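These are the residues of each chain, in order.
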Amino acid sequence: MFKYVKQLTSLVAMVAVLFTFTTETFAAKKSKTLKNTQKKGFVRCGVSQGLPGFSNADAAGNWTGVDVDVCRAVAAAVLGDANKVKFTPLSAKERFTALTSGEIDILSRNTTWTLSRDADIGLTFVGVNFYDGQGFMVRKNSGITSTSQFKDGISACTNIGTTTELNMRDFFNSKGISYTPVAFEKADEVVAAYDAGRCDTYTTDKSGLAAQRTKMSNPDDHIVLPETISKEPLGPVVRQGDAVWEDIVRWSLNTMIEAEEYGITSANADSMKTSENPQVKRLVGAEGEMGAAFGLDNEWNLRIIKQVGNYGESYKRNIADTGILPDRGPNQLWTKGGILYVPPSR
């Protein structure tokens, strides 16, 4: 009798453990952010206050750019429509507070992935959609063609509350060059100050310099110096604490990058359902149950590709064709000499 009771007790304990594990696993699949997003009917996306090629609004208020396309990809995945996005323009100083406070659910705003940002302030970076580095812009008539020609007393325009500001300080201090920072909260204020001659050089990510150069009164009067003084991996950010939402944003970006690798475009995505390549079929929802892991249907990634395009299409449309950076450089696929590389969807 005692032996029977002991066996029954062990069985009950095992069932309890299994039930707890199953319940916790099921709970882990839920996402408060996803639920709220589907209830509202739009994705809340924080973007820049205007950076051509990355996140920029036209006169009618229509947002375009590679950062914008990340949020549009998420909307296509979770709402079925890439246009269901509410964009909130944010300064560098405002961006993290807006995300941690719940004002937005994705920050896709040319933001550098660093240890302190990832670990200290309740944020999670979910990938890199643009590999960049900081540089300097000067006027051609200054005669400066290299940072090695910088002299004591140089003034430099930049943004407050950015890695750019810190990198600038480290650069000048390491060279033993005294300098005067001219810092502003808004990017357009920085551009206007430099264009008006209030500083000798303008420093930010090189992609930003190329983009903001198009806003100058005489763009051809300015050059970007060849030196790169930092690593700036830029990518989308979410709040910590919602692992499913984090995965949705991460794999929405990954889908765009991997689709380019396999030659899947917005034009041919449907026809790829009959591909003989299992990886291609998974990317267009014709094989496997990839959406179940996020609580989504099986064509979430197909909608991203059809409605937004692959990464190469987004880059061409927003950055190359606009003349900002025709050469993709490190943002070329790893199979073509770049460093753009994501984990496989399987």
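The written sequence of each chain sets the order in which its residues are numbered from 1. Confidence filtering applies because this is a predicted model: local features only for residues at pLDDT of at least 70, side-chain atom pairs given and counted only at 80 or more, and all residues used for totals across whole chains, interfaces and linings. With hydrogens and water set aside, each side-chain value is computed from the structure's full complement of heavy atoms.

A. Examining the pairing of strand 8 (residues 134–139) more closely. Three labels apply to residues, based on accessible area from a 1.4 Å probe with only protein chains included: buried if under 20% of the type maximum, exposed if over 50%, partly exposed otherwise in between. Numbered from the N terminus, helices here are DSSP runs of H or I no shorter than four residues, and strands are runs of E no shorter than two. Most of strand 8 sits inside the fold, with six of its six residues counted as buried. Side-chain alternation along strand 8 places Q134, F136 and V138 on one buried face and G135, M137 and R139 on a second face that is also buried. At least two bridges found by DSSP between two strands is the condition for calling them paired. Bridging between strand 8 and strand 11 (residues 201–205) involves five bridges; their strand directions are antiparallel. Note on strand 11: the bridge partner recorded for F136 is T203. Here strand 8 pairs with strand 12 (residues 222–224) via three bridges, running antiparallel. Bridge assignment links M137 to a residue of strand 12, and that residue is V224.

B. Structural detail: the sheet that holds strand 11. Reading across from one edge, 10-9-11-8-12 is the order of the five strands in this open sheet, with mixed pairing throughout. A single partner strand is all that each edge strand has here, and the edge strands are strand 10 (179–184) and strand 12. Taken pair by pair, the neighbouring strands of this sheet meet at an average axis angle of 30°, ignoring direction. The contact criterion used is simple: two residues touch if any of their non-hydrogen atoms lie within 4.5 Å. Helix axes are fitted to C-alpha atoms over the stretch in contact, other axes to C-alpha atoms as well, and angles between N-to-C directions run from 0 to 180 degrees. Docked against the sheet, helix 7 (residues 187–195) engages strand 8, strand 9 (154–159), strand 10, strand 11 and strand 12, running at close to 155° with respect to strand 9. Here helix 8 (residues 206–213) sits on the sheet and contacts strand 8, strand 11 and strand 12; the angle it forms with strand 11, its principal contact strand, is near 125°.

C. Expanded view of the packing of aromatic side chains. The pairing test for Phe, Tyr and Trp rings, Trp by its six-membered ring, is centres within 6.5 Å, and the orientation test on the planes gives stacked under 30 degrees, edge-to-face over 60, and tilted for anything in between. Counted by the stated rule, this structure contains 14 aromatic pairs. A ring pair is formed by F136 and F172, whose centres lie 5.9 Å apart and whose planes are at 65°; its orientation type is edge-to-face. Within this pair, whereas F136 is found in strand 8, its partner F172 is found in helix 6 (residues 163–175), the two being separated by 36 residues in sequence. Pair check on accessibility: F136 and F172 agree, each one buried. Between the aromatic rings of Y311 and Y315, the centroid separation amounts to 6.3 Å while the plane-to-plane angle is 40°, which identifies the pairing as tilted.

D. Quick look at the state of the cysteines. A pair of sulfur atoms, both from cysteines and within 2.5 Å, is called a disulfide here. The tally for this structure, following the rule as stated, stands at two disulfides. Here C45 pairs with C71 through a disulfide, and the sulfurs are 2.0 Å apart. Between C45 and C71, the S-S dihedral sits near 70°, and the bridge is therefore right-handed. Of the two residues, C45 sits in strand 1 (residues 43–47) while C71 sits in helix 3 (residues 66–79), which places them 26 residues apart along the sequence. Summarising the burial analysis for this pair, C45 and C71 share the class buried. Here C157 connects covalently by a disulfide to C199, the sulfurs 1.9 Å from one another. Of note, the bridge from C157 to C199 carries an S-S torsion of about -110° and is left-handed in sense. Taken together, the residues C157 in strand 9 and C199 in the loop between helix 7 and strand 11 connect sequence positions 42 residues apart. When the bonded cysteines of the protein chain are numbered from the N-terminus onward, they pair as 1-2, 3-4.

E. Spotlight on the pairing of strand 10. Relative to strand 10, strand 9 runs parallel, the two being bridged by six bridges. In the strand pairing of strand 10, T158 is matched with A183. Clockwise travel from the first strand over the helix to the second, with the strands pointing away from the viewer, marks a crossover as right-handed. With respect to chirality, the unit in which strand 9 leads through helix 6 into the neighbouring parallel strand 10 is right-handed.

F. Quick peek at the pattern of salt bridges. What counts as a salt bridge is simple: a side-chain nitrogen of Lys or Arg found within 4 Å of a carboxyl oxygen of Asp or Glu. Under the definition given, this model contains 16 salt bridges. The salt bridge partner of D188 is K215, with a shortest N-O separation of 2.9 Å. Pair noted here: D188 is in helix 7 and K215 is in the loop between helix 8 and strand 12, with a separation of 27 residues, a long-range link. Ionic pairing is found between D220 and R213, a salt bridge with its closest N-O pair at 3.5 Å. The network of salt bridges with shared partners includes K40, R44, D105 and R239.

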